[in-house]
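Structure at a glance
Spelled out, the chains give:
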Amino acid sequence: MEIDLGTKKHQLINGAVHNDHRGTVAYVNDFNMSPIKRMYTITHTSTTVVRAWQAHKIEAKYFKCTKGRFVIAIVPIKDWNTPDVNSKPEIFILQADKNQVLCVPKGHANGFKALEANSELIVFSDQDLDSAKNDQYRFDQDLWMDWSKKII
Ligand SMILES: Cc1cn([C@H]2C[C@H](O)[C@@H](COP(=O)(O)OP(=O)(O)O[C@H]3O[C@H](C)C(=O)[C@H](O)[C@H]3O)O2)c(=O)[nH]c1=O
């Protein structure tokens with residue numbers, strides 16, 4: 001099944017793993033990367049750092065944890081000037097040993113923190129850097145989530 005990346009709904013795409021005498025192939029066959037224009041990685045050396053909230057009207061993002069574990073939250077934004085303080089974030093745990101890609105469609109804010117020191121995310125974007133620069137919306141990290149609460 002191929003995932004429709006044009007959808008307005010976030011999606012968690014599950015991959016799988018093949019092991020044999022040569023080693024391991026970890027794959028996410030349903031992640032169609034044709035819309036991707038750019039990739040980068042983010043490493044959090046500490047579990048106390050919160051990177052939130054960054055939001056995009058037109059940019060879709062795809063997150064894959066390549067080391068450690070992250071808690072990542074996403075919130076749909078309707079009013080970009082006065083976002084709804086009562087919106088409820090959807091929360092995901094991404095971990096390197098679970099082969100999953102989280103697709104966050106345009107129109108959402110994302111925020112995250114590492115659950116283990118030195119955790120790393122790889123991020124894929126469907127916008128080049130120039131478009132992304134004009135599509136950056138930042139909101140206070142204390143909006144929507146109490147990041148100090150134990151999540152799992
Ligand atoms: C992402 C990126 C950044 N940079 C430069 C631009 C800045 O001088 C510096 C730090 O970037 P920024 O402050 O935008 O990083 P974050 O606050 O983590 O935000 C980034 O990752 C979160 C999850 C988002 O959702 C943002 O859209 C994305 O910009 O790296 C580049 O030159 N190329 C890139 O692709």
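Residues numbered from 1 in each chain as written. Predicted model: local features only at pLDDT ≥ 70, side-chain atom pairs only at ≥ 80, totals over all residues. Heavy atoms only, no water.

1. A word on unusual backbone geometry
Trans peptide bonds make up the majority, and among non-glycine residues the majority have a negative phi. In this structure, Trp 53 follows Ala 52 across a cis peptide bond, with omega equal to -20 degrees. In this model, Asn 118 sits at a positive phi of 65 degrees, which is unusual for a non-glycine residue. One can find Asn 118 in the loop between β10 (108-114) and β11 (119-125). Among the residues examined, Asn 118 registers a relative accessible area of 37% and is labelled partly exposed. (Helix = DSSP H or I, 4+ residues; strand = E, 2+ residues; numbered from the N terminus. Buried < 20%, exposed > 50% of the residue type's maximum accessible area, 1.4 Å probe, protein only.)

2. Side note on the packing of aromatic side chains
A complete count under the given rule lists eight aromatic pairs for this structure. Seen from their ring centres, Trp 53 and Trp 144 are 5.2 Å apart, and the 75 degrees between their planes marks the pair as edge-to-face. Of this pair, Trp 53 sits in strand β5 (residues 51-56) while Trp 144 sits in the segment after β12 (137-138), and the two are 91 residues apart along the sequence. Considered together, Trp 53 and Trp 144 belong to a single accessibility category, that of buried residues. Ring geometry for Phe 139 versus Trp 144: centroids 5.9 Å apart, planes at 75 degrees, classification edge-to-face. Clustering of aromatic rings is evident, with ring pairs tying together Trp 53, Phe 139, Trp 144 and Trp 147. (Phe/Tyr/Trp six-rings, centres within 6.5 Å; stacked < 30°, edge-to-face > 60°.)

3. Regarding the pattern of salt bridges
Overall, the coordinates contain four salt bridges when judged by the stated rule. Here Glu 59 makes a salt bridge to Lys 61, at a shortest N to O gap of 2.8 Å. In this structure, the salt-bridge partner of Glu 116 is Arg 69, at a minimum N-O distance of 3.1 Å. With a gap of 47 residues between them, Glu 116 in the loop between β10 and β11 and Arg 69 in strand β7 (residues 69-76) connect regions that are remote in the sequence. Looking at Glu 116, the relative accessible area reads 35%, which means it is partly exposed. Classification of Arg 69 as partly exposed rests on a relative accessible area of 23%. Here the residues in one salt-bridge network are Arg 38, Glu 59 and Lys 61, joined through shared partners. (Salt bridge = Lys/Arg side-chain N within 4 Å of Asp/Glu carboxyl O.)

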